[in-house]
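Below, each chain spelled out in residue letters.
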Amino acid sequence: MESTKKTLQNDKMYVTFHEKGDTFERAHIDGKDLTDMYNEPIFYTKKVRGIEKAWRELALKFSDRMTMGEAMNIVNSFNLECHSYCTVD
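Structure report, in brief. Here the residue numbering is sequential within each chain, running from 1 through the sequence in written order. At least 70 in pLDDT is required for a residue's local features to be given in this predicted model, at least 80 for side-chain atom pairs to be given and counted, and no such filter applies to totals for whole chains, interfaces and linings, which use all residues. To get the side-chain values, all heavy atoms of the structure are used, and hydrogens and water are removed first.

**Some remarks on the sheet that holds strand β5 (residues 82-86)**
Then comes step 1: Two strands pair under a simple rule: DSSP has to find at least two bridges between them. Per the convention used, a helix needs a DSSP run of H or I reaching at least four residues, while a strand needs a run of E reaching at least two, with both numbered from the N terminus. Here we have five strands laid out as an open sheet, ordered β1-β2-β3-β4-β5, and antiparallel in their pairing. Each end of this open sheet is capped by a strand with a single partner; those strands are β1 (5-9) and β5. Strand-to-strand twist across the sheet, computed as the mean angle between neighbouring axes with direction ignored, equals 15°.
Then comes step 2: Every residue pair with non-hydrogen atoms within 4.5 Å of one another is taken to be in contact. With axes taken as lines fitted to C-alpha atoms, and helix axes fitted only over the stretch in contact, angles between N-to-C directions fall between 0 and 180 degrees. In this fold helix α1 (residues 51-61) packs onto β1, β2 (13-18), β3 (28-33) and β4 (41-45), with an angle of close to 150° to the strand it touches most, β2.
Then comes step 3: Against the sheet, helix α2 (residues 68-76) touches β2, β3, β4 and β5, its axis set at about 10° to β4.

**Focus: the packing of aromatic side chains**
Then comes step 1: When two rings of Phe, Tyr or Trp (its six-membered ring) have centres within 6.5 Å they constitute a pair, described as stacked for plane angles under 30 degrees, edge-to-face for angles over 60, and tilted for the intermediate range. As enumerated under the stated definition, the model contains two aromatic pairs in all.
Then comes step 2: For the ring pair F17 and W55, a centre distance of 5.7 Å and an interplane angle of 25° mean the geometry is stacked. Of the two residues, F17 is situated in strand β2 and W55 in helix α1; the sequence distance between them amounts to 38 residues. Here F17 matches W55 in class, with each residue buried.
Then comes step 3: Residues Y44 and Y85 carry aromatic rings whose centres are separated by 6.4 Å and whose planes lie at 75° to one another, so their mutual orientation is edge-to-face. On the criterion of sequence distance, the pair formed by Y44 in strand β4 and Y85 in strand β5 is long-range, its members being 41 residues apart. Residue exposure (1.4 Å probe, protein chains only): buried if accessible area is under 20% of the type maximum, exposed if over 50%, otherwise partly exposed.

Now the structure itself:
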């Protein structure tokens, strides 16, 4: 079974829901800030329980002005424990 992914994107960030499959051992949500090219911050979820509900809520509230931090707040409200870091570090 190949994993599938769904992506939401605007000029500031993108966020992707990766379903469980051959590519990934577990479902997760990750995202990247597109405004900070010096640090290239990204995030991913550490837990799975409730991930589908979190994705539906994120898709419902997604807008052209949403930032990565706002997306992380929505995901964290479902107790998925986002981990963020700068890829340049």
